[in-house]
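Architecture and fold: a report
What follows is each chain in one-letter form.
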Amino acid sequence: MTATKRDYVNENDWAPEEIEKVLDLAARVKARPDGWKTALSGRSLAMIFEKSSTRTRVSFEAGMFQLGGFGMFLSSRDLQLGRGEPISDTARVLSRYVDGIMARTFAHATVEDLAKYASIPVINGLSDLLHPCQALADFLTVRERFGTARGFALCYVGDGNNVAHSLLLTGAKLGARVTIVTPPGYAPDPRVVDWARAAAAGTGGAITITTSVEEGVAGAHAVYTDVWASMGQEGEAAERAKTFEPYRVTRRVFGMAASDAIFLHCLPAHRGEEVEAEVIDSPGSAVFDQAENRLHAQKALLVTLLGDAG
Ligand code: CP
Ligand code: NVA
């Protein structure tokens, strides 16, 4: 791999035009998948998981296969990493075998360290700070449904977590109007909000952080939520369930959005907790398009990072 390898660990490191380009490619790959059947012929991706996954694992593995390459599932429990081998050594060793690394980690610093020590591209498959591949799929879905992300009003209601952070950053880069509504004390990380505001200043996007569901959802074209307790926060689930109760996306809340609004959720979802079944299973729900778009968005990202032009 060359000295100019790129990583997709934090979308804040990517220029708006570069993210737009990945989404443009994703739309082309989705429309004509056969055109990319050999794009990554002979290339392989090591996929390290410290946490559970359905969508990320299967969409990356299937995506590599569909591009003519190979995705290798590696549970951190089975790797020597789980017995204390340093990240730095793991990154350097994997760089001698494969062409890219995708990692789902607890600490964001772990995926940053992988990127620092690997000589091959590293993709963040979710860390405690960010979920950049999810946001790519989310805005691909927005572009399909509404034509553009520019000026698009998306309101996320729930925990100021990794998914909320990537919606802020990717949304800001694409010129969207992103509002995050959380209970007091669960606002997004101020560092991420600062990055998003700086990005939005350059793209005409807008960032709003509030604790008011009414203020946030009014007129939104997408209402988005995620679990109240993320992986690793299971011990806080009972306390969070009480705090987040007024922040459930109910029919009443979804009804405050624009009449043609869509409902989004990264999945997995807990019906009756963060969202009512009547919302996620309604005609306005786009969650399965969103899940499908993980595949197309990530194939575009893989071609961009591991392909001949990458
Ligand atoms: N949305 C998402 O990342 O799902 P998984 O946890 O199943 O990968
Ligand atoms: N915020 C959730 C997203 C899961 C895809 C978590 O980190 O568990």
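Everything below is about the structure shown above.
This report concerns the structure included in the present document. Just so you know, these numbers come straight off a predicted model, no measurement behind them.

Let's talk about the nonpolar core
By size, the foremost hydrophobic cluster in this structure holds 59 residues, and its most contacted members are Phe139, Leu154, Leu301 and Leu302. Tallying contributions element by element places helix H12 (residues 287–306) first for this core, with seven residues. With sequence-adjacent residues up to four places away left out, phenylalanine 139 is seen in contact with Leu23, Ala149, Leu154, Leu167, Thr170, Gly171, Leu174 and Ala176. Counting 20 residues, the second-largest nonpolar core is a separate cluster that includes Cys155, Ala220, Val223 and Ala261.

What about the sheet that holds strand E1 (residues 44–49)?
The sheet built from four strands is open, its strands ordered E2-E1-E3-E4 with parallel pairing. Of all strands in the sheet, those bounded by a partner on one side alone are strand E2 (70–75) and strand E4 (122–124). In this sheet, adjacent strand axes meet at a mean angle of 20° when their direction is disregarded. Relative to E4, strand E3 (residues 100–104) runs parallel, the two being bridged by three bridges. Bridge pairing in E4 places methionine 102 opposite isoleucine 123. In this fold helix H4 (residues 108–117) packs onto E1, E3 and E4, with an angle of close to 165° to the strand it touches most, E4.

Points about unusual backbone geometry
In this structure, the amide linkage connecting leucine 267 to the following residue, proline 268, adopts the cis form with an omega of 5°. With respect to the helices, strands and loops of the structure, proline 268 is situated in the loop between strand E9 (262–265) and helix H11 (277–280). Unlike most non-glycine residues, leucine 126 shows phi in positive territory, near 115°. Within the fold, leucine 126 resides in the loop between E4 and helix H5 (132–146). By relative accessible area, leucine 126 is classed as buried at 7%. Within the chain, leucine 267 stands out as a residue other than glycine whose phi angle is a positive 65°. Within the secondary structure layout, leucine 267 lies in the loop between E9 and H11.

Description of the site of ligand 1
Residues in close proximity to ligand 1 include Ser53, Thr54, Arg55, Thr56, Arg104, His131, Gln134, Cys266, Leu267 and Arg294, which together make up its full environment. Interatomic distance of 2.6 Å between a side-chain N/O atom of serine 53 and an oxygen atom of ligand 1. In this structure, cysteine 266 approaches ligand 1 through a main-chain N or O atom, which is 2.9 Å from a nitrogen atom. Contact with the protein chains hides 95% of the accessible area of ligand 1, taken as 260 Å² for the molecule alone. Spatially, ligand 1 is embedded in the largest pocket. Class assignment for the residues of the shell around ligand 1 results in two nonpolar, five polar and three charged.

Criteria and thresholds
- Within every chain, residues take consecutive numbers counted from 1 along the sequence as written.
- As a convention, the first chain written is A and the first ligand written is 1, with the rest following in written order.
- Reporting in this predicted model follows two pLDDT cut-offs: at least 70 for local features of residues, and 80 or more for side-chain atom pairs to be given and counted; totals over whole chains, interfaces and linings ignore these cut-offs and use all residues.
- Hydrogens and water are ignored here; the side-chain numbers use all heavy atoms of the structure.
- Definition of nonpolar core: a set of buried residues of the types Ala, Val, Leu, Ile, Met, Phe, Trp, Tyr and Cys, connected through side-chain atoms within 4.5 Å.
- Three labels apply to residues, based on accessible area from a 1.4 Å probe with only protein chains included: buried if under 20% of the type maximum, exposed if over 50%, partly exposed otherwise in between.
- Counting from the N terminus, the helices are DSSP H or I runs at least four residues long and the strands are E runs at least two residues long.
- Note on contacts: a residue pair qualifies if any of its non-hydrogen atoms lie within 4.5 Å across the two residues.
- A strand pair is defined by DSSP finding two or more bridges across the two strands.
- Comment: axis = line fitted to C-alpha atoms, over the contacting stretch for helices; angle = value between 0 and 180 degrees taken between N-to-C directions.
- Near residues are defined by distance, with any heavy atom within 4 Å of the molecule or strand qualifying the residue.
- Contacts described as polar in this section are N or O atom pairs within 3.5 Å, which, within protein, must combine one atom able to donate a hydrogen with one able to accept it, while residues neighboring in sequence count only if both atoms come from side chains.
- Each accessible area is a Shrake-Rupley result for a 1.4 Å probe, and residues are judged covered by the shown protein chains and nothing else.
- In this analysis a 1.4 Å probe is tested at points of a 1 Å grid over the protein atoms alone, and where it fits but cannot get out there is a cavity; an open set with protein on both sides within 12 Å along at least five of seven lines is a pocket; lining residues have an atom within 4 Å of a point.
- Criterion for pocket placement: a molecule counts as inside a cavity or pocket if more than half of its atoms are within 2 Å of its grid points.
- Gly falls in the polar group here, along with every residue not listed as nonpolar (Ala, Val, Leu, Ile, Met, Phe, Trp, Tyr, Cys, Pro) or charged (Asp, Glu, Lys, Arg).

Spatial relationships are all this shows, so hold off on functional conclusions.
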